[in-house]
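So you can see what is in the structure, the chains are spelled out below.
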Amino acid sequence: MIASSLFLVAGCSDSGVKAAAPSTPAAGSPIQISTSHCGQGWTHPAAGRQTLTMTNTGTVAADAYVIDVPGGAVYGEIEGLAPGVTRSLPIMLGQGTYAIRCQPEDGDPLVGPSVRIGGTDASGPAAVPVTYNDLYGPTKQYQEYVAGGVKTLLAKTRTLTSAVDRGDPKAAKRAWLPAHLAYEKLGAAYDTFGDFGDAIDGLPVGLPKGVHDPGFAGFHRVEYGLWHGESMSSLRKPADQLLKDVKGLKADLPNEDMEPGDLPLRAHEIMENTLQFELTEKADQGSGTSLATASANLEGTREAVDLLRPLLQSRYTGLKQMDAQLDRVQRLLDAQKHGDSWTPVASLDPSARESIDGAVGELLERLAPIATICYPRRTS
Amino acid sequence: MSGYDRRTFLRGALATGIAGTVAGATVDRASADSSPASAAGAPPIPPFHGLHQAAVLSAPRRRTIVAAFDVVTEGRGELADLFHTMTDRARLLTTGGATPQVGITAPPADSGILGPDVPGGDLMVTLGVGASLFDDRYGLAALKPAGLTTMPMFPNDDLDPAWCHGDLVLQLEADDDDTVLHALRDIARHTRGAMQVRWRMNGFTSPPRPTGTQRNLLGFKDGIANPATKNAAEMDGLVWVNGKAPEPAWTAGGSYFVVRLIRMLVEFWDRVGIDEQEEMFGRSKDTGAPLDGAREQDVPQYHLDPEGTVIPLTSHIRRANPRTAETDAGRILRRGFNYDKGMDSVGDLDVGLIFTCYQQDLRRQFEATQKRLEDEPLVDYISPFGGGYFFALPGVQDASRSFGGFIEV
């Protein structure tokens, strides 16, 4: 990393800035990032696709932003620039007024001198940063959503467990899906609930004995037993353990602090999981309900997106198209619901499967910018 | 909201990048001559814009990906948009340039596997359409190229539906694996939700061993007797569709494109004596010369050997191209690539040939050739299992046009 920065610094002294030159370092000395000289050295502001070099001449690490003046929208950033280090920032700048904002690790931000770029070129896309404070409300609301959902989850898990306990496989099978969907609607993805996540919704992957491993637990363990003709008595233990873990999750929730940066990530990661484990049917243990899970995941995704919507409205130009794609996926999934049952992925006709896979793929492309735009950044 | 708008979301940023890099990209093109491939003797890759798609008459490059897609867009507007996107990406990927910067508004616009700038002049992109695109989904029946059908099952075929056909076919060619893979990844990303890969096969050409035409994985030089791509009259007669009835006018400048995925049973083949191998092909394995000649380019004199004493009547080269006046217009322009995709269930190598060919008329050319080759002795050592019939679209002539022009008229 440092070696390549040095190369760019060395190279920048002999080439002028040309709008069209790909990745050409800017002329002159690097732009300074520090509390005393923030933004100094940006002596030849020019339009076009270019690479700015920035050196932290201060004594503490700092984030550096190229911002719009006076709006504050960010065109490019270098996060965590260490003292003495020079890094390059490829950026696309057009007509307008810009400044460098230096955000020292533990201090107040500084905005450097404004620079003007003339001409008629348009800049690359920019967005006003989202702050930790901005994310506080949506994160709290999301936690409330989860808390409400966990209550439903507990009630439905009780129904499932009591059906297993009284040895009624038909009722247990009927109760399994609603309980599982209650969990899937929470929008858990990538270790959201820590150990509870694995205990409640873990897959047999990574277990030495797979589905027969004593460590295989939770909804999918019960699913495996119910749809592989295991005796009700042998399923009592995993079903009771599931109920215990759901109760544990509920009790633990108030202690779980959700990072403000998690919610924006959740916006695409829930459906990343859906594509990876549900649409491939990897998670399925015999119930053939992967598309029901996908639909529940979509609901969880919508919740995350809707809570972030006020922040996205002015920042994400593709919001409308993203909404249309959420609807499209919903429509394609709904078409596979028949009363209380869903078409198993393996039974989908190939063109229906391609349509769902393709639509979810496109949805992910449209959800991904949310995580980048809403990544929490300090502005004060 | 129209489909076009819907899909411009991802392109928006990239389009900005393109506008800013035209000059740089032009420089890149001019430097194509000094690319490693050229240094090794391969001719430079022609520009993207032209009457015909660049790869059809160009020498195959070292690496290829052939991928067939099923279109999953809803409605003709979105289909037109898909063609626009494919055109934009093909133009950018072949021309090269700096990748656009999207700041904090999105993840990086490019995978970056070719570095911060996409090199120009390293890639050829060929796009074709299959008969299924003209079914009732998009109301395109009246525009279907007259000779375009679904590839039939030939008597020696063992076709696997999962490896056959497709609404679209895309062939990427370059001299390096990362170049073709970067292009596929880029195109797939920008067309997400509009098309899904149905099948794909990676392939490679081999360098001359030791000279002349490349060898296939049976060890024989393959593709020696191709029509002359520099002879415009011959190409007009054998390769290009001219757009005259019964063909729809839009097809002018395109060409029928056959892809055949042919497994070669190389372990079995390696247990066959050299005389039998050579008689099956009709050529010397070492030199590539016909069995009645001395050099690779020697023309077999079938009229001096009417009984097939020297070059058996059943040999591959004699059946494929009898070199008679009647079969002269039936010649095809072959473009072979080897493939290597692992092992089969008994531990044999799963390798073979991505046979592709271009022609003006599928019946007169490929199918007539295929008919003559039926039950040739070689069929015991090969197994065609996939591929399809496609129509390689006419070239995109300038920056204002798209591959999809034909559905917008």
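Source: prediction; values computed, not measured.

### What about the packing of aromatic side chains?
- Counting across every chain of the model gives 24 aromatic pairs over all chains.
- Ring geometry for A:Trp176 versus A:Trp227: centroids 5.6 Å apart, planes at 75°, classification edge-to-face. Remark: A:Trp227 occurs in helix α5 (residues 219-227) and A:Trp176 occurs in helix α3 (residues 169-184); sequence separation between them is 51 residues.
- With 5.6 Å between their ring centres and 85° between their planes, B:Trp250 and B:Phe391 make a pair best called edge-to-face. Taken together, the residues B:Trp250 in the loop between α5 (232-238) and β7 (255-264) and B:Phe391 in strand β11 (residues 382-392) connect sequence positions 141 residues apart. The pair B:Trp250 / B:Phe391 is uniform in exposure class, with both members buried.
- Each residue in the set B:Phe83, B:Phe134, B:Trp250, B:Tyr256, B:Phe391 and B:Phe406 is aromatic and connected to the rest through ring pairs, giving one cluster.

### Description of the domain arrangement of chain A
- Under the domain assignment, chain A is made up of domain 1 (2-117) and domain 2 (132-373).
- On a C-alpha basis, the centroid separation for the pair domain 1 of chain A and domain 2 of chain A is 43 Å.

### Some words on the pairing of strand β2 (residues 48-56) of chain A
Residues and elements named next belong to chain A.
- With nine of nine residues buried, β2 is to be regarded as a mostly interior element.
- Bridging between strand β1 (residues 31-33) and β2 involves three bridges; their strand directions are parallel. Of the residues in β2, the one forming a bridge with glutamine 32 is threonine 55.
- Pairing geometry for β2 and strand β5 (residues 86-93), over eight bridges, is antiparallel. In the strand pairing of β5, methionine 54 is matched with arginine 87.

### Some remarks on the sheet that holds β2(A)
All names here are of chain A.
- Strand order across the open sheet formed by three strands is β1-β2-β5, with mixed pairing between neighbours. Two strands bound the open sheet, and with one partner strand each, they are β1 and β5. In this sheet, adjacent strand axes meet at a mean angle of 35° when their direction is disregarded.

### Points about unusual backbone geometry
- Note the cis peptide between A:Val69 and A:Pro70, where omega equals 5°.
- Here the amide bond leading from B:Ala245 into B:Pro246 is cis, since omega sits at 10°, within 30 degrees of zero.
- Within the secondary structure, B:Pro246 is located in the loop between α5 and β7.
- Phi is positive for B:His165, close to 65°, though the residue is something other than glycine.
- Secondary-structure assignment places B:His165 in the loop between β4 (123-130) and β5 (168-174).
- A positive phi angle, close to 60°, is found at B:Asp375, a residue other than glycine.

### Notes on the packing of helix α8 (residues 290-312) of chain A against helix α9 (residues 319-334) of chain A
All names here are of chain A.
- At a closest axis distance of 10 Å, the pairing of α8 and α9 adopts a crossing angle of 165°. Judged on the interaxial angle alone, α9 and α8 are roughly antiparallel. Crossing of α8 against α9: the hand is left-handed. Contacts between α8 and α9 involve Leu291, Ala294, Ser295, Leu298, Thr301, Arg302, Val305, Arg309 and Leu312 on the former and, on the latter, Leu319, Met322, Asp323, Leu326, Asp327, Val329, Gln330, Leu333 and Asp334.
- Across the contact of α8 with α9, the residue classes tally to 10 nonpolar, three polar and five charged.

### Thoughts on the UniProt feature "domain: Dyp-type peroxidase C-terminal" (unreviewed entry) in chain B
- Per the UniProt record, the feature "domain: Dyp-type peroxidase C-terminal" (unreviewed entry) sits at residues 213-396 of chain B.
- For the annotated span residues 213-396 of chain B, helix accounts for 20% and strand for 22% of the residues, and the straight-line distance between the end C-alpha atoms is 30 Å.

### Things to note about the state of the cysteines
Residues and elements named next belong to chain B.
- The tally for this structure, following the rule as stated, stands at one disulfide over all chains.
- Take cysteine 164: it sits in no disulfide, and the sulfur closest to it among the cysteines is that of cysteine 357, at 15 Å.
- We classify cysteine 164 as buried; its relative accessible area is 2%.

### With respect to the environment of B:Ala320
Residues and elements named next belong to chain B.
- Counting through the fold element by element, alanine 320 comes out in helix α8 (residues 316-320).
- Residues alanine 320 and arginine 331, spaced 11 residues apart in sequence, show a C-alpha to C-alpha distance of 8.7 Å.
- When sequence neighbours within four positions are dropped, the list of residues in contact with alanine 320 reads Thr369, Arg372 and Leu373.

### Considerations on the pattern of salt bridges
Residue and element names in this part refer to chain B.
- Within the structure shown, the criterion is met by 34 salt bridges over all chains.
- A salt bridge links arginine 137 to aspartate 135; the nearest nitrogen and oxygen atoms lie 3.0 Å apart.
- For arginine 137, a relative accessible area of 36% puts it in the partly exposed group.
- Here aspartate 135 falls in the partly exposed class, since its relative accessible area comes to 30%.
- Linking arginine 318 and aspartate 305 is a salt bridge whose minimum nitrogen-to-oxygen distance equals 3.3 Å. Highlighted residues: arginine 318 in helix α8 and aspartate 305 in the loop between α7 (274-281) and α8, separated in sequence by 13 residues.
- With relative accessibility at 8%, the residue aspartate 305 sits in the buried group.

### Some words on the side chain of A:Thr86
Residue and element names in this part refer to chain A.
- Locating threonine 86 in the fold gives a position in strand β5.
- Looking at threonine 86, the relative accessible area reads 12%, which means it is buried.
- Among the polar contacts listed, one links the side chain of threonine 86 to the side chain of threonine 55, at a separation of 2.6 Å.

### Regarding the nonpolar core
- Within the largest apolar cluster, 71 residues are counted, with the highest numbers of intra-cluster contacts made by A:Leu160, A:Tyr183, A:Phe219 and A:Ile370.
- Breaking this core down by element, the ones donating at least two residues are α2 (132-165), α3, α5, α6 (232-252), α7 (262-278), α8, α9 and α10 (350-373) of chain A.
- Ranked by residues supplied to this core, first place goes to α8(A) with 11 residues.
- In this view, A:Leu160 contacts A:Ala172, A:Ala175, A:Trp176, A:Phe219, A:Val222, A:Leu226 and A:Leu242; residues no more than four positions away in its chain are not counted.
- Judged by nonpolar contacts, the second largest core, of 67 residues, contains B:Leu170, B:Phe220, B:Val241 and B:Phe366.

### Let's talk about a positive patch on the surface
Residues and elements named next belong to chain A.
- A contiguous patch of positive charge on the surface is contributed by Lys151, Arg158, Lys247 and Lys250.
- Of all the secondary structure elements, the ones that give two or more residues to the positive patch are α2 and α6.
- By secondary structure assignment, the location of lysine 247 is in helix α6.

### Let's talk about the packing of α2(A) against α7(A)
Residue and element names in this part refer to chain A.
- Here α2 crosses α7 at 55°, and the two axes come no closer than 10 Å. With respect to α7, the axis of α2 lies oblique. In this structure, α2 contributes Leu135, Pro138, Thr139 and Tyr142 to the contact, and α7 contributes Leu263, Pro264, Arg266 and Ile270.
- Split into classes, the residues belonging to the contact of α2 with α7 amount to six nonpolar, one polar and one charged.

### Overview of α9(A)
- Taking 1.5 Å of rise per residue, the 16 residues of α9(A) would be expected to cover 22 Å, and the 22 Å separating its terminal C-alpha atoms lies within 8% of that figure.
- Along α9(A), the positions that sit buried rather than exposed are A:Leu319, A:Gln321, A:Met322, A:Gln325, A:Leu326, A:Arg328, A:Val329, A:Gln330, A:Leu332 and A:Leu333.

Cut-offs applied
- Residues numbered from 1 in each chain as written.
- Chains lettered and ligands numbered in written order.
- Predicted model: local features only at pLDDT ≥ 70, side-chain atom pairs only at ≥ 80, totals over all residues.
- Heavy atoms only, no water.
- Phe/Tyr/Trp six-rings, centres within 6.5 Å; stacked < 30°, edge-to-face > 60°.
- Helix = DSSP H or I, 4+ residues; strand = E, 2+ residues; numbered from the N terminus.
- Buried < 20%, exposed > 50% of the residue type's maximum accessible area, 1.4 Å probe, protein only.
- Domains from an automatic or database assignment.
- Pairing = 2+ DSSP bridges.
- Axes fitted to C-alpha atoms, helices over the stretch in contact; angles between N-to-C directions.
- Parallel < 35°, antiparallel > 145°, perpendicular 65-115°, else oblique.
- Left-handed = near helix turned anticlockwise from the far one by under 90°.
- Contact = heavy atoms within 4.5 Å.
- Nonpolar A, V, L, I, M, F, W, Y, C, P; charged D, E, K, R; others polar.
- UniProt positions renumbered as here; feature names shortened; annotations may be inferred.
- Disulfide = S-S within 2.5 Å.
- Salt bridge = Lys/Arg side-chain N within 4 Å of Asp/Glu carboxyl O.
- Polar contact = N/O pair within 3.5 Å; in protein donor to acceptor, adjacent residues only side chain to side chain.
- Core = buried A, V, L, I, M, F, W, Y, C linked by side-chain atoms within 4.5 Å.
- Patch = residues over 30% accessible without salt bridge, like charges linked within 9 Å, V, L, I, M, F, W, Y side chains within 5 Å.
- Areas by Shrake-Rupley, 256 points an atom, 1.4 Å probe, with all protein chains shown as cover.
- Lys, Arg positive; Asp, Glu negative; His and termini not counted.
- Charge placed at Lys NZ, Arg CZ, Asp CG, Glu CD.
- Expected span 1.5 Å × (residues − 1).

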